[in-house]
Amino acid sequence: MSTVPLTETHPFAGNDRLLIGIVLSVLTFWLFAQSVINVVPAMKSSLDISLETLTLAVSLSGLFCGCFVVASGGLADKFGRVRLTVIGLVFSIVGSGFLVMSHGAVLFLAGRVLQGLSAACIMPATLALIKTCYEGKARQRAISFWVIGSWGGSGLCSFVGGAIATGLGWRWIFVFSMVAALVSFLLIRGTPESRSESAQNRKLDLGGLFSFVTALVMLNLFITKGHSWGWSSGLSLSMLSGAVLATLWFIRSGLRKGDEALIDFALFKNRAYSGAVLSNFMLNGCIGTLMITSIWLQQGHHMSAFQTGMMTMGYLVTVLVMIRVGEKLLQRYGARLPMMFGPVIAFVGVALISCTFLDKTVYIGIVFFSYILLGLGLGCYATPSTDTAVVNAPEDKVGVASGIYKMGSSLGGAMGIAVTASIYAMLLPLGMAHAAQYALLFNSALCLSSMLASAALLRKPRKHSGAGQRHTQS
């Protein structure tokens, strides 16, 4: 790997080989690691792990990705985006290997943690690489394919996971993940290093990182374990209190340290950037829809993991098509319109899926159609949102800013899954259909919240002449 210090001039022009390598690296998390959403019953039958621990593991990789993604973005700016991508691929290979070999909780949970750390390295580093290696419409195209890897991968994960688990066994999911990571490494290898010169003297905020991780882990434990511990038990209240105190300390410390903090709160002075991060967090929370729908179809209607995965094919097709359409909408209308319209379409889709009281035949048809709507909404939103976050990030902090944006994706998904699973478990005494219905209604509310965040924080674009004009907002 060659190392060329990056200044304000970027002589290297990204090519399709690099772009394919980047997309494959993103797929190791969003396609393969996220496949566990649809194969929990299959894993439970071959592992000596409780169902509660498996449910926790579903959100664990997203949680650790969210915990460390911002710090990794800063490290990418300082030590090199190519280098952090390679480190992430190594974590992915080792973590997937642990999952392949696991028979108990220790290796399985360790593998999920490493997959989360892998994503924390890969997401901000590759997004920053796109900004530094591609320009203009080439960058928008590259971002579209990067988004296909993340959003499209998450749409395909249920089908791929179910198909592989049914045909070969769930462990093969992670064998394929290791192969994808190796191919990605070979394609990215040789890319000139990219880093921010102004980040060389920036130190990692270890105190901020510790308080941030502490807050998120305690909050996740409160959400996922609170029902079994008892919401008012001493242990649950200790977790909640610890999360609140750690959060307050993190914010106080961050405001005092300014741009030396783990999260530079000054970035959020840009309304468009704040809108992209907040709406992204909310909309990613609705990934819990995939998990609850999968559980209801498999346990309530006795469908196989493969059949459940087939239900998401409409989502896959529409999200992949709409990602490029979202790029064109961005160029023509600016980011605000698709970032509002997309979550509304997703809301309609999730609300329809929540009709668990319907007859099986009718409900299956509704779910298939609703997944198409979900793909339309998320695909319409994805590229404008990602582009808004990247364009409104300062050049010398693009890694950190990209890390915060992807933190919104990972933590939104992790917390969305955790809260959705908690609602489902808490309401199971009312019956599986009612529990699934209310858990899904929570996810529909997250879609509406995403739309409101975009509407409130993104200004209407000024009138412009000519398609393709940039819509940078502040």
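It should be emphasised that the depicted structure is a prediction, and the values quoted were computed from it without experimental measurement.

Draft legend 1. Quick look at the confidence of the model for the protein. On average, the protein scores 84 in pLDDT, and the residues at 70 or more come to 92%. Considering only residues more than four positions removed or in separate chains, one finds that residues 1-10, a stretch of pLDDT under 50, has 25 contacts. Predicted confidence is poor over residues 464-474, with pLDDT under 50, and the contacts of this stretch with residues over four places away or in other chains come to 30 contacts.

Draft legend 2. Molecular detail of the nonpolar core. In this structure, Met43, Phe108 and Ile404 are the most contacted members of the largest nonpolar core, which totals 119 residues. At 14 residues, the largest contribution of residues to this core is made by helix α16 (residues 398-427). Residue contacts for Met43: discarding those within four places in its chain leaves Val36, Leu54, Phe108 and Trp170.

Draft legend 3. Molecular detail of the pattern of salt bridges. For the coordinates displayed, the defined rule picks out three salt bridges. For Arg141, the salt bridge identified is with Asp16, shortest N-O distance 3.2 Å. Linking Arg141 in helix α6 (residues 136-167) with Asp16 in helix α1 (residues 16-32), this pair joins segments that are 125 residues apart in sequence. The exposure class assigned to Asp16 is partly exposed, which follows from its relative accessible area of 43%. Between Asp205 and Lys257 there is a salt bridge whose closest N-O contact spans 2.6 Å. Here the residue Asp205 occupies a position in the loop between α7 (171-188) and α8 (206-229), and Lys257 occupies one in helix α9 (residues 234-257), the gap between them amounting to 52 residues. According to the relative accessible area criterion, Asp205 is buried, its value standing at 6%. The exposure class assigned to Lys257 is partly exposed, which follows from its relative accessible area of 27%.

Draft legend 4. Spatial organisation of the packing of aromatic side chains. Under the counting rule described, the total for this entry stands at 10 aromatic pairs. Ring geometry for Phe29 and Trp30: centres 4.9 Å apart, planes at 80 degrees, overall edge-to-face. Just as Phe29 is buried, Trp30 falls in that class too. Relative to Trp231, the ring of Phe222 lies with its centre 5.3 Å away and its plane at 70 degrees, an arrangement referred to as edge-to-face. The exposure class assigned to Trp231 is partly exposed, which follows from its relative accessible area of 31%. What links up through ring pairs into an aromatic cluster is the set Phe108, Trp170 and Phe174.

Draft legend 5. Spatial organisation of the state of the cysteines. Tallied over the entire structure, the rule returns zero disulfides. The cysteine Cys121 is free of any disulfide, with Cys65 supplying the nearest cysteine sulfur at 9.1 Å. Not engaged in a disulfide, the cysteine Cys157 finds its nearest cysteine sulfur in Cys286; these two sulfurs lie 12 Å apart. Its relative accessible area of 1% is what places Cys157 among the buried residues.

Draft legend 6. Looking closely at the side chain of Thr126. With respect to the helices and strands, Thr126 occurs in helix α5 (residues 105-133). Filtering out sequence-adjacent residues up to four positions away, Thr126 remains in contact with Ile22, Ser25, Val26, Thr85 and Trp146.

Draft legend 7. Up close: the environment of Thr214. Residue position: Thr214 is located in helix α8. Considered as a pair, Thr214 and Ala414 are 200 residues apart in the sequence and their alpha carbons are 15 Å apart.

Draft legend 8. Here's a closer look at helix α14 (residues 336-353). Compared with the 26 Å implied by 1.5 Å per residue over 18 residues, the 27 Å span of α14 between its first and last C-alpha is a close match. Every buried residue of α14 is accounted for by Arg336, Pro338, Met339, Gly342, Pro343, Ile345, Ala346, Gly349, Val350 and Ile353. On the buried face of α14, the contacting elements are α10 (271-284), α11 (288-300), α13 (313-333), α15 (360-391) and α17 (432-457).

Draft legend 9. Quick look at unusual backbone geometry. If you check the backbone angles, His302 has positive phi at about 60 degrees while not being a glycine. Looking at the secondary structure, you find His302 in the loop between α11 and α12 (305-310).

Draft legend 10. Spatial organisation of the environment of Phe341. The residue Phe341 is located in helix α14 in this model. Along the primary structure Phe341 and Ser454 are separated by 113 residues, whereas in three dimensions their C-alpha atoms are 9.6 Å apart.

Draft legend 11. Geometry of the packing of helix α4 (residues 81-101) against α5. Viewed as axis vectors pointing N to C, α4 and α5 meet at an angle of 155 degrees, and their least axial separation amounts to 7 Å. For the element pair α4 / α5, the angle class is roughly antiparallel. As for the relative orientation of α4 and α5, their crossing is left-handed in sense. Grouping the amino acids of the contact of α4 with α5 by side-chain chemistry returns 19 nonpolar, 10 polar and two charged.

About the thresholds
Residues numbered from 1 in each chain as written. Predicted model: local features only at pLDDT ≥ 70, side-chain atom pairs only at ≥ 80, totals over all residues. Heavy atoms only, no water. pLDDT = per-residue confidence, 0-100. Contact = heavy atoms within 4.5 Å. Core = buried A, V, L, I, M, F, W, Y, C linked by side-chain atoms within 4.5 Å. Buried < 20%, exposed > 50% of the residue type's maximum accessible area, 1.4 Å probe, protein only. Helix = DSSP H or I, 4+ residues; strand = E, 2+ residues; numbered from the N terminus. Salt bridge = Lys/Arg side-chain N within 4 Å of Asp/Glu carboxyl O. Phe/Tyr/Trp six-rings, centres within 6.5 Å; stacked < 30°, edge-to-face > 60°. Disulfide = S-S within 2.5 Å. Expected span 1.5 Å × (residues − 1). Axes fitted to C-alpha atoms, helices over the stretch in contact; angles between N-to-C directions. Parallel < 35°, antiparallel > 145°, perpendicular 65-115°, else oblique. Left-handed = near helix turned anticlockwise from the far one by under 90°. Nonpolar A, V, L, I, M, F, W, Y, C, P; charged D, E, K, R; others polar.

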